[in-house]
Amino acid sequence: MTQWLLVGKRWILLLPALLAVTTLSAASVTAWEPRFRGDLSTPTAIIWIFVSTVAIAPAVLFMLAGLARSFTRPPAAPSQPAREPVTRFVVIVPAYNEEKVISNSVGSLLAQDYPRELFTVTVACNGWDGTANIARELGAQVHETRQKGIGKSAAIDETMQALAPAPQSYVVIFDADNLVSRGFLRSLDAEIQASGALALQGNHQPLTASDNMVSVGIRAAYRASSMFYSVGRSFLLRSALLCGTGFSVQAGLFASIWSKVRTQTEDIESNALLQLDHQLGVVWVEAAEFFDEKPDQVVIAIRQRVRWMVGHFHASQLYTWPLIKHAFRHRSLRSLELAVYYLFPLALFLSTAWYLLALPAMAVGLGHFHPEAVAMTVAGTALGLVYIVAMPALACLLEQRSLRPRALAITLRETLAALLISLLVWSIAILLAAACLRRRDWIFHTPHKAAVPLPRP
């Protein structure tokens, strides 16, 4: 059923169909017992407290901290002579039938402003098309997996075993469609030399191959995340989140955590493994920019998020309770926050499912609300709008550095797109993810468009 819905525009049928079923069910109960009235206030209050605590409040807190940080950072110190690069990097690019975009990642990586003898670029090819040949022609090493279509984490694991990098070197992971700024590796090296960081996350910027409402909305959300959320989280918890691409981990440490990955979302899971096994956070390297292609079709965005949410659900089952115990044992706020973060899919599912049940019940007079529950719902919704509307709008304005009519029009368009895509894509994705929880495979591969130019600074 899930596969059938995610073909063409069939996904449009899901929410109307579910609303029709719940409305007819509620109407049937009313017709059978006209005097029956259910109390919707208590479950609504419980769900909104949970959702606000788990999903909305932490995100808003980190974004506000990131916003404040952008205005209160101390002025940059006088420039010092740059240190000579010393870190050895082993860059791995997993690729499954990515012949259209492999030149993005390989080309921009081989053009790094970094000593060529200190890094290698290897494409972990587990598809059937011409990706491997193109990568070789560009100058990259290629490891073709023994079995095709094995998924990202398995392809990386096999390539790591073949390369056997020195434990003190650093593994860097990029997706095949990424474009990498020339100073990326140099920025990582500077941070490693300065702080001895063992796990680092680069500055994830959105890249779109077209300019429609889907790509605009996703771009607006990611801009706000990079500009505010990651900065604020890193500032308050001394740890960012690995986001699946553009990250680097010391090779010995990487091998120890990667062998334990059990879900489809290796990045989400790796955050827990770093914290539980090594008490390590992830250093946010703002200067290390890279650009990741985002979907420009609703169905592709839904498929991508279905995979994310299924993996996130599985990670929640594996790590939420161990992280809570770890938090109290080690008095670690970072572990506690990460445990809360792992409950995000459950919060999203409960809020979406409850709306689908409560709205039809209210429409046919089956349920009633107390004023306190209405006030709580309004307050929670307002807080959510700060996250999905106000912050993307503010990020767009700050990027343009203008309040002229054109800048305001662009901001309005991007903000509305971010709101619509957030409500539409995530609500459908979480319902389909709940139907796919038994699946442990890669589920959906995200197709990429074509090579696009690196955005100008």
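Conventions we followed
- Residues numbered from 1 in each chain as written.
- Predicted model: local features only at pLDDT ≥ 70, side-chain atom pairs only at ≥ 80, totals over all residues.
- Heavy atoms only, no water.
- Phe/Tyr/Trp six-rings, centres within 6.5 Å; stacked < 30°, edge-to-face > 60°.
- Helix = DSSP H or I, 4+ residues; strand = E, 2+ residues; numbered from the N terminus.
- Buried < 20%, exposed > 50% of the residue type's maximum accessible area, 1.4 Å probe, protein only.
- Contact = heavy atoms within 4.5 Å.
- Pairing = 2+ DSSP bridges.
- Right-handed = clockwise from strand over helix to strand, strands pointing away.
- Expected span 1.5 Å × (residues − 1).

Let us look at the packing of aromatic side chains. Evaluation of the coordinates by the stated rule reveals 14 aromatic pairs. Aromatic pair Tyr-96 and Trp-128: ring centres 5.6 Å apart, planes at 75°, arrangement edge-to-face. Remark: Trp-128 occurs in the loop between β3 (119-125) and α5 (131-138) and Tyr-96 occurs in the loop between β2 (89-95) and α4 (102-110); sequence separation between them is 32 residues. Overall, Tyr-96 belongs to the partly exposed group, its relative accessible area being 25%. Among the aromatic residues, those joined into a ring-pair cluster are Phe-89, Tyr-114, Phe-119 and Tyr-170.

A few words now on the environment of Ser-153. Among the secondary structure elements, Ser-153 is positioned in helix α6 (residues 152-163). Each C-alpha atom of the pair Ser-153 and Thr-44 lies 39 Å from the other, and the pair is 109 residues apart in sequence. Contact partners of Ser-153, with chain neighbours within four places excluded, come to Trp-258, Val-261 and Glu-266.

We now examine the pairing of β3. Burial runs high along β3: six of the seven residues are buried. Where β2 and β3 come together, seven bridges link them in parallel fashion. Bridge pairing links Ala-95 to Cys-125 in β3. In this view, the connection linking β2 to its parallel neighbour β3 by way of α4 has right-handed handedness. Bridge count for β3 against strand β4 (residues 141-144) is four bridges, and the pairing is parallel. Following the sheet pairing, Val-123 is matched in β4 by Val-142.

The next subject is helix α13 (residues 344-363). With 20 residues, α13 should cover 28 Å at 1.5 Å per step; its first-to-last C-alpha distance of 29 Å lies within 8% of that length. Taken residue by residue, α13 has Pro-345, Ala-347, Leu-348, Ser-351, Thr-352, Trp-354, Leu-356, Ala-358, Pro-360 and Ala-361 as its buried positions. In this structure, the buried residues of α13 make contact with α2 (14-32), α3 (41-72), α11 (298-330), α12 (333-341), β10 (367-368) and α15 (405-435).

A separate point is the side chain of Thr-352. By secondary structure assignment, the location of Thr-352 is in helix α13. Apart from the residues lying within four places of it in its own chain, the contact partners of Thr-352 are Ser-427, Ile-430 and Leu-431.

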